[in-house]
Amino acid sequence: EKDEKLDGDAALNKFFKDIYGDADEDTKRAMSKSFIESNGTVLSTNWKEVGAKKVEGSAPDGMELKKWEY
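The model shown is predicted, which means the values in this text are computed figures rather than measured ones. (Residues numbered from 1 in each chain as written. Predicted model: local features only at pLDDT ≥ 70, side-chain atom pairs only at ≥ 80, totals over all residues. Heavy atoms only, no water.)

Focus on the side chain of Ser44
Here is step 1: Mapped onto the secondary structure, Ser44 falls in the loop between α2 (25-37) and α3 (47-50).
Here is step 2: Residue Ser44 is classed as buried on the basis of its relative accessible area, which comes to 12%.
Here is step 3: Leave out the neighbours within four places in its chain, and Ser44 touches Thr27, Ala30, Met31, Ser34 and Val50. (Helix = DSSP H or I, 4+ residues; strand = E, 2+ residues; numbered from the N terminus. Buried < 20%, exposed > 50% of the residue type's maximum accessible area, 1.4 Å probe, protein only. Contact = heavy atoms within 4.5 Å.)

Here we look at the pattern of salt bridges
Side-chain pairs of opposite charge can arise whenever the charged atoms involved come near each other.
Here is step 1: Inspection of the entire model under this criterion finds three salt bridges.
Here is step 2: Between Lys14 and Asp18 there is a salt bridge, with its nearest N and O atoms 2.8 Å apart. Of this pair, Lys14 and Asp18 both sit in helix α1 (residues 8-21), four residues apart, roughly one helical turn.
Here is step 3: Note that Lys33 and Glu37 form a salt bridge whose closest N and O atoms lie 3.0 Å from each other. With Lys33 and Glu37 both in helix α2 and four residues apart, the pair spans about one turn of that helix.
Here is step 4: The exposure class assigned to Glu37 is partly exposed, which follows from its relative accessible area of 24%. (Salt bridge = Lys/Arg side-chain N within 4 Å of Asp/Glu carboxyl O.)

Section: unusual backbone geometry
Here is step 1: Even without a glycine there, the phi angle at Asn39 is positive, about 60 degrees.
Here is step 2: Note on placement: Asn39 falls in the loop between α2 and α3.

With respect to the packing of α1 against α2
Here is step 1: Close contact between α1 and α2 brings their axes to 9 Å; oriented N to C, the two are set at 130 degrees. Comparing the axis directions of α1 and α2 gives the class oblique. On α2, the residues touching Ile19, Tyr20 and Gly21 of α1 are Lys28, Met31 and Ser32.
Here is step 2: Broken down by class, the residue content of the contact of α1 with α2 amounts to three nonpolar, two polar and one charged. (Axes fitted to C-alpha atoms, helices over the stretch in contact; angles between N-to-C directions. Parallel < 35°, antiparallel > 145°, perpendicular 65-115°, else oblique. Nonpolar A, V, L, I, M, F, W, Y, C, P; charged D, E, K, R; others polar.)

Looking at empty space enclosed by the protein
Here is step 1: Scanning all chains against the criterion turns up one cavity of 30 Å³ or more.
Here is step 2: Empty space within the largest cavity amounts to approximately 30 Å³.
Here is step 3: Considering the residues around the largest cavity, the lining is formed by Glu37, Ser38, Asn39, Lys54, Val55, Glu56, Gly57, Leu65 and Lys67.
Here is step 4: Residue classes in the lining of the largest cavity are distributed as two nonpolar, three polar and four charged. (1 Å grid on protein atoms, 1.4 Å probe; cavity = no way out; pocket = protein on both sides within 12 Å on 5 of 7 lines; lining within 4 Å. Points joined across faces, edges and corners; volume = space filled by probe spheres on them.)

Read these as layout, nothing more, since geometry by itself doesn't imply function.
Here's what the structure looks like:
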């Protein structure tokens, strides 16, 4: 499985799964909090930065970030 060659979304998903799976509790907490608070636009592994304040979302260049309304 380690030598398996993946591409596209499968490679990206494996990359993030490996980061999350091998991370300590602070890193996992930072990843979850940053992703949720930014509406999926930010993914951070730095708990000292993420834990101190609310994570603001950021849209890619040329796009507008819209808030999701329930």
